[in-house]
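Spelled out, the chains give:
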Amino acid sequence: MALQLGDVAPDFTAETTQGTISFHEWLGDGWGVLFSHPKDFTPVCTTELGEVSRLKGEFDKRNAKVIGLSVDPLESHERWMGDIADATGHSLNFPLIADPDRKVADLYGMIHPNADNTLTVRSVFVIGPDKKVKLTITYPASTGRNFEEILRVIDSLQLTAGYSVATPVNWHDGEDVIIVPAVSDEDAKEKFPKGFRAIKPYLRYTPQPNR
Ligand code: BEZ
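**Q** Any chance you could explain the overall build of the protein chain here in plain terms?
**A** In terms of helices and strands, the protein chain carries six helices and eleven strands. Counting only C-alpha atoms, the protein chain reaches 60 × 40 × 30 Å along its principal axes. Going through the 211 residues of the protein chain one by one, you find that 44% of them count as buried. In the protein chain, of all internal contacts separated by at least 6 residues, the share reaching a separation of at least 24 is 65%. Total accessible area on the protein chain is roughly 10,500 Å²; 50% of this is exposed by carbon and sulfur atoms. Between the centroid of the 22 positive side chains of the protein chain and the centroid of its 30 negative side chains there is a distance of 6 Å.

Below you can see the structure in the form of structure tokens.
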């Protein structure tokens, strides 16, 4: 069965462009983002890896480690790294897993045989400090992902992990959030001293509590 939200992210040992890693040990106590690429030396993947390298500082600020995967061997990844820097202006600054036997790809269900028998789709897994899967997204090979969206989701996940709130459509860090329905109005007055406005009894906005 496909990995689902709340499942423990499977552990594995793999070769990467930054040495051999044991995934859970490498994650440590923080957040993680594992994402797959269909193949080395492909145009969309090249742009994505440059972009994640550009955004690496933003992931660091959120205590989130990033790691890519492509089902090609390490020697191929190492040659591709030069192209990524040339083409995007950003050197790869996080590990890229070499998975030529598709061990990790199979563990995470990154190959969707009815889309392609051998290449991975563009999977994203956000993993929490408890090693559980908090988000999965699957894109087709032909569509590059929006990694600003992954950062936005991490902001939401980190906020909702700490407070009894959810985040509304298109929310960005700093904007008002929603008080979850399980919190009564009476409790909300205590929990959210900045106050709240009720559009409906079940739709109550409050300023972001950690700001
Ligand atoms: C790409 O990264 O450009 C790509 C990879 C596989 C299929 C289509 C596009």
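**Q** Explanation requested: the packing of aromatic side chains in the structure shown.
**A** Aromatic ring pairs are defined here through the distance separating the ring centres and the angle between the ring planes. Going through the model one piece at a time under the given rule, you end up with eight aromatic pairs. Relative to W26, the ring of F23 lies with its centre 6.2 Å away and its plane at 15 degrees, an arrangement referred to as stacked. Taken together, the residues F23 and W26, both in helix 1 (residues 23-27) and three residues apart, mark about one turn of the helix. With respect to class, F23 is no different from W26; both count as buried. Each ring, one from F41 and one from W80, has its centre 6.2 Å from the other, and the planes form 40 degrees; the classification is tilted. Here F41, found in the loop between strand 3 (31-37) and helix 2 (43-61), pairs with W80, found in helix 3 (residues 74-88); they are 39 residues apart in sequence, far enough to count as distant. Each member of the aromatic cluster is reached from another via a ring pair, and the members are F12, F23, W26, Y108 and F125. The cationic tip of K65 hangs over the ring face of W26; the distance from NZ or CZ to the ring centre is 5.0 Å. Geometry around F196 places R204 over its ring, the cationic atom sitting 6.0 Å from the centre.

**Q** Quick question: what am I supposed to make of the nonpolar core here?
**A** In summary, soluble globular proteins display a tendency toward joint burial of nonpolar side chains. In this structure, V33, F35, L49, F59, V126 and I150 are the most contacted members of the largest nonpolar core, which totals 24 residues. Put simply, the parts of the chain that give this core at least two residues each are strand 3, helix 2, strand 4 (64-70), helix 3, strand 6 (122-127) and helix 5 (147-162). In terms of residue count, the dominant contributor to this core is helix 5 (six residues). Setting aside its immediate chain neighbours within four residues, V126 contacts W31, G32, V33, K132, V133, K134, L135, I150, I154 and L157. One finds L34, L69, F125 and I127 within the second-largest nonpolar core, a separate group that totals 21 residues.

**Q** Even after reading the chapter, I still don't get the site of the ligand, so can you show me in this structure?
**A** Lining the immediate environment of the ligand, one finds P38, T42, P43, V44, C45, R122 and A141. The backbone of P43 places a nitrogen or oxygen atom 3.2 Å from an oxygen atom of the ligand. At 3.0 Å from an oxygen atom of the ligand is found a main-chain nitrogen or oxygen belonging to C45. The protein chains hide 75% of the 260 Å² of surface that the ligand would expose on its own. It is helix 2 that contributes the most residues to the shell around the ligand, three residues altogether. Classifying every residue of the shell around the ligand by side-chain character gives five nonpolar, one polar and one charged.

**Q** Before we go on, may I ask you to explain the sheet that holds strand 11 (residues 203-206) in this structure?
**A** Strand order in the open sheet formed by four strands is 8-9-11-10, and the pairing between neighbours is antiparallel. Two strands in the sheet have a free side with no partner beyond their single neighbour: strand 8 (165-166) and strand 10 (197-200). Pairing of strand 10 with strand 11 involves three bridges; the strand directions are antiparallel. Paired with A198 across the strands is R204, a residue of strand 11.

**Q** Would you mind going over the side chain of D72 with me for this structure?
**A** As for its placement among the helices and strands, D72 is situated in the loop between strand 4 and helix 3. At 2.8 Å, the side chain of D72 forms a polar contact with the backbone nitrogen of D40. Non-local contacts of D72, meaning those with residues more than four positions away in its chain, are made with K39, D40, H77, A98, D99 and P100.

Rules used in this analysis
- Position numbers for residues count from 1 along each chain, tracking the sequence in the order it is written.
- Local features in this predicted model are restricted to residues of pLDDT 70 or higher, and side-chain atom pairs are both shown and tallied only at a pLDDT of 80 or more, whereas totals for entire chains, interfaces and linings draw on every residue.
- Hydrogens and water are ignored here; the side-chain numbers use all heavy atoms of the structure.
- Each helix is a run of DSSP H or I of at least 4 residues and each strand a run of E of at least 2, with the numbering of both proceeding from the N terminus.
- For every residue, the accessible area (1.4 Å probe, protein chains only) is compared with the maximum for its type, and the residue is labelled buried under 20%, exposed over 50%, or partly exposed between those bounds.
- Here a residue-residue contact requires only that any non-hydrogen atoms of the pair lie within 4.5 Å.
- Using a 1.4 Å probe, accessible areas were evaluated by the Shrake-Rupley method; residue-level cover was limited to the displayed protein chains.
- His is not counted, nor are the chain ends; Lys and Arg add positive charge and Asp and Glu add negative charge.
- All charge positions are set by atom: Lys at NZ, Arg at CZ, Asp at CG, Glu at CD.
- Pairing of aromatic side chains requires ring centres within 6.5 Å, counting the rings of Phe and Tyr and the six-membered ring of Trp. Pairs whose planes differ by under 30 degrees are stacked, by over 60 edge-to-face, and all others tilted.
- We call a charge positioned above a ring when the Lys NZ or Arg CZ atom is no farther than 6 Å from the ring centre and deviates by at most 35 degrees from the ring normal.
- The criterion is simple. A nonpolar core is a set of buried Ala, Val, Leu, Ile, Met, Phe, Trp, Tyr and Cys residues joined through side-chain atoms within 4.5 Å.
- Near residues are defined by distance, with any heavy atom within 4 Å of the molecule or strand qualifying the residue.
- Any pair of N or O atoms that falls within 3.5 Å is considered a polar contact. Within protein, one atom must be able to donate a hydrogen and the other to accept it, and sequence-neighbouring residues count only if both atoms are side-chain atoms.
- Under the convention adopted here, Pro, Cys and the residues Ala, Val, Leu, Ile, Met, Phe, Trp and Tyr are nonpolar, Asp, Glu, Lys and Arg are charged, and Gly plus all remaining residues are polar.
- Two strands form a pair only when DSSP identifies at least two bridges running between them.

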